[in-house]
Amino acid sequence: MAISKQPDVQPPPVSVGTISARLDRLPATWTIWKFVVLLSFGFFFELYDLLYSGYVAPGLIKSGILTPVSVGPFGAKGVAGFIAVLFLGLFVGTICCGFLADRFGRRAIFTYSLLVYTGANLMVAFQTTAAGLNFWRFVSGLGIGLELVTIGTYISELVPKQIRGRAFACEQALGFMAVPIVAFLSYLLVPGKPLGIDGWRWVVMIGAHGAIFVWFIRRALPESPRWLAQNGRLREADRVMSNLESIIEREYGGRLPAPSAPELVTSGRKFRDMWVKPYGMRAAVMIIFNIFQTVGFYGFANWVPTLLIKQGIIVTASLLYSSIIALAAPIGPVIGLFIGDRFERKAVIVATAAAIVVCGLVFSQSSGKVLLIAMGVGLTLASNIMSYSFHAYQTELFPTSIRARAVGFVYSWSRLSAIFTSFLIAALLKQFGTIGVFVSIAAAMLIVMVVIGFMGPRTRGLALEEISH
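Residues numbered from 1 in each chain as written. Predicted model: local features only at pLDDT ≥ 70, side-chain atom pairs only at ≥ 80, totals over all residues. Heavy atoms only, no water.

### What about helix α6 (residues 130-158)?
Reasoning step 1: The terminal C-alpha atoms of α6, which comprises 29 residues, lie 41 Å apart, in line with the 42 Å expected from a rise of 1.5 Å per residue.
Reasoning step 2: Counting buried positions over the 29 residues of α6 gives 24, a clear majority of the element. (Helix = DSSP H or I, 4+ residues; strand = E, 2+ residues; numbered from the N terminus. Expected span 1.5 Å × (residues − 1). Buried < 20%, exposed > 50% of the residue type's maximum accessible area, 1.4 Å probe, protein only.)

See the structure below:
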């Protein structure tokens, strides 16, 4: 009697959808979190270089390279001009170079953009004129702008959907450790001249050490399997995924869950592809959001010592209080590790924008040291919870094929806004004091609340490609 043989169950053919489904079903073991931590170290050096402007400004003024007040509407020798030229570089880097990560891969662009901006910042440390300082700050802005886009895209594509929010919170928590570090180093170094070298130069040179770590980080990171598959490199994508699955299965201690049915994946990588339904409306929403969130975030973060001085705090104490306020920077994302995937991201963005309004207006009316520090901490916490939330949110709004390009384009508007925000804050501070600064911040945050609250789509817990449809 013949025994009927059951046909072998063949795995589905490798495709963009199956690669995405295989990745999204992975348990969050040590290897997954190792990738997040390594990318977060890249973000740490990036934020260090991005945010030292306000902290070294007193030293640049003391050395005679910059002046506290800009001459003319866009004075190059003023502190506002120094801050603005960085954001001009960020704008060009994000809007013109975001496509590079879609074209050449997340891993390569992560590496080379980090090398560009750390090298440029090393050059900043040796400048003696405002022109040289601003030129190299612009170049560092190019690298930082491209890196910002690439890291967010890289993380969103390497981690399973169920931990995406927490992954961005981890990235931001480790990254924002740079804020208290740069603030404390500035407090120690900027007022003096260690070894006969201006203190602000030491602060800048310390940040340039990121280049030493970049090759070690790169060696431990695989290319995004989603990007490989989307670019027709299916065999490579399958090899990366198979290797990752075998490692994670050993760490997990059992068979991996079966992948879900693959989602329909959108193809296309041209600029016009981000304007078809539903992406066009999402892009418009995020452009408006990024223009106005910048006023709140950088309007405070880049001007903390100056705002405290305006409130009657002396320069040395201002740097000390700024350091205390900066300690709150990584705490906001740490909170996100607990709430990152429990609450809808658009709701978190709206709530933190409201908190910025309240804390900012109270700060502008305060003169007591304790209340100033408390409201500064509140502003920092709210801003940084919003930061990790919207970085995760905007990467979820676009499909793999155009993700880096689309995120780079919408995010670039925050950099364009920041160029003018620097001069706006300087003018408001001179004319109306801190109350004028925070009234403008409150108005910007109200616009953020309306746009995201009423027009932003829900994304929490959905697969990256599922959100796309």
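That was the structure; now back to the text.
### Topic: empty space enclosed by the protein
Reasoning step 1: Summed over all chains, the structure comprises four cavities of 30 Å³ or more.
Reasoning step 2: Quantified by volume, the second largest cavity comes out at close to 90 Å³.
Reasoning step 3: Those elements that provide at least two residues to the lining of the second largest cavity are α2 (30-62), α13 (279-301), α18 (369-396) and α19 (403-455). (1 Å grid on protein atoms, 1.4 Å probe; cavity = no way out; pocket = protein on both sides within 12 Å on 5 of 7 lines; lining within 4 Å. Points joined across faces, edges and corners; volume = space filled by probe spheres on them.)

### Considering unusual backbone geometry
Reasoning step 1: Here Lys277 and Pro278 are connected by a cis peptide whose omega angle stands at -5 degrees.
Reasoning step 2: Relative to the helices and strands, Pro278 is located in the loop between α12 (234-252) and α13.
Reasoning step 3: A positive phi angle, near 55 degrees, is found at Leu195, a position not held by glycine.
Reasoning step 4: With respect to the helices and strands, Leu195 occurs in the loop between α8 (178-189) and α9 (199-207).

### Some remarks on the pattern of salt bridges
Reasoning step 1: Using the criterion set out here, one finds eleven salt bridges in the structure.
Reasoning step 2: Linking Arg201 and Asp198 is a salt bridge whose minimum nitrogen-to-oxygen distance equals 3.7 Å.
Reasoning step 3: On the accessibility criterion, Asp198 (18% relative accessible area) is buried.
Reasoning step 4: We note a salt bridge from Glu344 to Arg458, for which the minimum N-O separation is 3.7 Å. In this pair, Glu344 is assigned in the loop between α16 (331-339) and α17 (345-364) and Arg458 in the loop between α19 and α20 (464-467), connecting sequence segments 114 residues apart.
Reasoning step 5: According to the relative accessible area criterion, Glu344 is buried, its value standing at 12%.
Reasoning step 6: Residues joined by salt bridges that share partners form a network here, namely Arg22, Arg25, Asp238 and Glu245. (Salt bridge = Lys/Arg side-chain N within 4 Å of Asp/Glu carboxyl O.)

### What about a nonpolar patch on the surface?
Reasoning step 1: On the surface, Met281, Val450, Phe454 and Met455 cluster together into a nonpolar patch covering about 470 Å² of accessible area.
Reasoning step 2: Top element by residues in the nonpolar patch is α19. It accounts for three residues.
Reasoning step 3: Within the element layout of this structure, Val450 appears in helix α19.
Reasoning step 4: Take Val450: its relative accessible area is 47%, and that puts it in the partly exposed class. (Patch = residues over 30% accessible without salt bridge, like charges linked within 9 Å, V, L, I, M, F, W, Y side chains within 5 Å. Areas by Shrake-Rupley, 256 points an atom, 1.4 Å probe, with all protein chains shown as cover.)

### Overview of the packing of aromatic side chains
Any pair of aromatic rings gets described here by the distance separating the centres and the angle formed by the planes.
Reasoning step 1: Inspection of every chain in the model, using the stated rule, returns ten aromatic pairs.
Reasoning step 2: Here Phe44 and Phe45 contribute two aromatic rings whose centre-to-centre distance is 5.3 Å and whose plane-to-plane angle is 90 degrees, an arrangement assigned as edge-to-face.
Reasoning step 3: On the accessibility criterion, Phe45 (11% relative accessible area) is buried.
Reasoning step 4: Between Phe184 and Tyr187 the ring centres are 6.3 Å apart and the planes differ by 35 degrees, which places this aromatic pair in the tilted class. You can see Phe184 and its partner Tyr187 sitting in helix α8, three residues apart, about one turn around the helix. (Phe/Tyr/Trp six-rings, centres within 6.5 Å; stacked < 30°, edge-to-face > 60°.)

### Digging into the nonpolar core
The tendency in soluble globular proteins is for nonpolar side chains to be buried side by side.
Reasoning step 1: One finds Leu50, Tyr52, Met386, Phe398 and Met445 to be the most contacted residues of the largest nonpolar core, which totals 135 residues.
Reasoning step 2: When residues in this core are grouped by element, the largest group, 21 residues, is from α19. (Core = buried A, V, L, I, M, F, W, Y, C linked by side-chain atoms within 4.5 Å.)

### Focus on the packing of helix α7 (residues 164-175) against α18
Reasoning step 1: Contact pair α7 / α18: the axes reach a minimum separation of 9 Å and the direction vectors enclose 130 degrees. As far as their axial angle goes, α18 and α7 are oblique. For the pair α7 and α18, the crossing hand works out as right-handed. For the pair α7 and α18, the contacting residues are Arg164, Gly165, Phe168, Ala169 and Gln172 in the first and Asn384, Ser387, Tyr388, His391, Ala392, Thr395 and Glu396 in the second. (Axes fitted to C-alpha atoms, helices over the stretch in contact; angles between N-to-C directions. Parallel < 35°, antiparallel > 145°, perpendicular 65-115°, else oblique. Left-handed = near helix turned anticlockwise from the far one by under 90°. Contact = heavy atoms within 4.5 Å.)

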